[in-house]
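Structural overview
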Amino acid sequence: MASTSDIRNGLCIKYNHDIYKIIEFLHVKPGKGPAFVRTKLKSLTSGKVLDNTFSAGHKIEDVRVETHTYQFLYAEGDDFHFMNTESFEQITLQKNILDNPDLLKEGTNVMVQVNTETDLPLSVDMPASIILEVTYAEPGIKGNTATNATKSATVETGATVNVPLFINEGDKIKIDTASGNYMERVKE
C-alpha cells in the first residue's frame, strides 16, 4: 500500500476495480482546510481518462510493474505486434492501449509496462519524439509566411500532422509523440 505522497507520473494503481495509470498530478495545500492531491487517471483497460481528488494521506493500492523494451513489428487492423528485444518473445496489443498509434513506425522501440502479478501488458510508453518522412503536403504559397500559418501533411505512417508552410514532400520532421504536434524539420 502506498499513500498520496508516493504519487508520481506513470504510477499504476488499483482504483474502483480497475487499473489506472497516473498521467498528471498536483499536490494542493490550500490556506484553509486539509491538503489534497488532484490527479488525472487513465484506465489501462478501456483507455478512458478521469479526474480524481485524493485527500492527503489517503492509502492507494499500487500495482507492481516491470518495464521491458519491445520493438514494434507491424499492425494488423486494431492489433499491434511487438517483440521483446531481449527474449524475442512476441506480444499483440490492442490499439486502445497505445497513446498515439498512428505515429508508430515499424522498427520503433517502445517501453512496455507489464503487471508482475498477471504478466499482462498494461501500457506502452513511446519515445518522446519520432522522426518521420512527409509523404504528402500541399505546396506552400509564397507570401503566406508572415504569420505562424500551418498546413496539414501526411507522414509515412499515415498520420496527419499540422506543419509550417515551408515543409514539403520528402522532408523528414520530428514529431512529439505525446501531443502529435510538429517539433522541427530534421536535416539529413
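The structure presented is a predicted model; accordingly, all values stated were derived computationally and were not measured. (Residues numbered from 1 in each chain as written. Predicted model: local features only at pLDDT ≥ 70, side-chain atom pairs only at ≥ 80, totals over all residues. Heavy atoms only, no water.)

Details of the overall build of the chain
Looking only at helices and strands, the chain features zero helices and 16 strands. Here the chain has a C-alpha radius of gyration of 20 Å; the compact-globule value for 188 residues is 16 Å, and the former is much larger. For the chain, the residues scored as buried account for 36% of the 188 residues in total. At a minimum sequence separation of 6, the contacts of the chain that also span at least 24 residues come to 44%. Summed over its atoms, the accessible surface of the chain is roughly 11100 Å², and 47% of this surface lies on carbon and sulfur atoms. Computed over 19 positive and 26 negative side-chain charges, the inter-centroid distance for the chain is 10 Å. (Helix = DSSP H or I, 4+ residues; strand = E, 2+ residues; numbered from the N terminus. Rg over C-alpha atoms; globule rule 2.2 N^0.38 Å. Buried < 20%, exposed > 50% of the residue type's maximum accessible area, 1.4 Å probe, protein only. Contact = heavy atoms within 4.5 Å. Areas by Shrake-Rupley, 256 points an atom, 1.4 Å probe, with all protein chains shown as cover. Lys, Arg positive; Asp, Glu negative; His and termini not counted. Charge placed at Lys NZ, Arg CZ, Asp CG, Glu CD.)

As for the pattern of salt bridges
Summed over all chains, the structure comprises seven salt bridges. Between Glu61 and Lys14 there is a salt bridge whose closest N-O contact spans 3.9 Å. Remark: Lys14 occurs in strand β2 (residues 12-15) and Glu61 occurs in strand β6 (residues 59-62); sequence separation between them is 47 residues. Residue classification places Glu61 among the partly exposed positions, given a relative accessible area of 38%. Residue Lys14 is classed as partly exposed on the basis of its relative accessible area of 34%. The partner of Lys174 in a salt bridge is Glu184, and the shortest N-O contact between them spans 3.5 Å. Of this pair, Lys174 sits in strand β15 (residues 172-176) while Glu184 sits in strand β16 (residues 182-186), placing them 10 residues apart in sequence. A residue is classified by how much of its surface remains accessible, and Lys174, at 22% relative accessible area, is partly exposed. Relative accessible area serves as the criterion here: at 39%, Glu184 is assigned to the partly exposed category. (Salt bridge = Lys/Arg side-chain N within 4 Å of Asp/Glu carboxyl O.)

Section: empty space enclosed by the protein
Counted under the stated rule, the structure contains one cavity of 30 Å³ or more. Looking at the largest cavity, the residues that line it are Lys42, Ser43, Leu44, Thr45, Ser46, Gly47, Asn96, Ile97 and Leu122. Across the lining of the largest cavity, the residue classes break down as three nonpolar, five polar and one charged. (1 Å grid on protein atoms, 1.4 Å probe; cavity = no way out; pocket = protein on both sides within 12 Å on 5 of 7 lines; lining within 4 Å. Points joined across faces, edges and corners; volume = space filled by probe spheres on them. Nonpolar A, V, L, I, M, F, W, Y, C, P; charged D, E, K, R; others polar.)

Examining the sheet that holds strand β14 (residues 160-164)
Strand order in the open sheet made by the five strands is β14-β13-β12-β15-β16, with antiparallel pairing throughout. The open sheet has two free edges, formed respectively by β14 and β16, since each of these has just one partner strand. Between one strand axis and the next, the sheet turns by 50° as a mean value, whatever way the strands run. (Pairing = 2+ DSSP bridges. Axes fitted to C-alpha atoms, helices over the stretch in contact; angles between N-to-C directions.)

Some details on the packing of aromatic side chains
A full pass over the atoms with the stated rule returns four aromatic pairs. Consider the rings of Phe72 and Phe80, whose centres lie 5.7 Å apart with planes at 35°: the pair is tilted. For the residue pair Phe72 and Phe80, the accessibility class agrees, reading buried in each case. For the ring pair Phe72 and Phe82, a centre distance of 5.5 Å and an interplane angle of 55° mean the geometry is tilted. Residue Phe72 is located in strand β7 (residues 65-76), and its partner Phe82 is located in strand β8 (residues 79-84); the two are separated by 10 residues in the primary sequence. Both residues of the pair, Phe72 and Phe82, count as buried. Among the aromatic residues, those joined into a cluster by ring pairs are Tyr15, Tyr20 and Phe54. (Phe/Tyr/Trp six-rings, centres within 6.5 Å; stacked < 30°, edge-to-face > 60°.)

Here we look at the nonpolar core
Counting 28 residues, the largest nonpolar core has Phe82, Leu104, Val110, Ile173 and Ile175 as its most contacted members. Elements supplying a minimum of two residues to this core: β7, β8, β9 (90-94), β10 (109-115), β12 (129-137), β13 (150-155), β14 and β15. Tallying contributions element by element places β12 first for this core, with four residues. The contacts of Ile173, once residues within four sequence positions are left out, are Ile130, Ile131, Leu132, Val134, Val155, Val163, Ile167, Tyr182, Glu184, Arg185 and Val186. Residues Ile22, Val37, Leu41 and Phe54 belong to the second largest nonpolar core, which totals 10 residues. (Core = buried A, V, L, I, M, F, W, Y, C linked by side-chain atoms within 4.5 Å.)

Examining the side chain of Thr4
Looking at where Thr4 falls in the secondary structure, it is placed in the loop between β1 (2-3) and β2. At 2.9 Å, the side chain of Thr4 and the backbone nitrogen of Gly57 are in polar contact. (Polar contact = N/O pair within 3.5 Å; in protein donor to acceptor, adjacent residues only side chain to side chain.)

Re the side chain of Thr39
Examined against the element boundaries, Thr39 turns out to sit in strand β4 (residues 36-43). Its relative accessible area of 5% is what places Thr39 among the buried residues. If we ignore the near neighbours within four places in the chain, the residues touching Thr39 are Ile7, Glu24, Phe25, Leu50, Asp51, Asn52 and Phe54.

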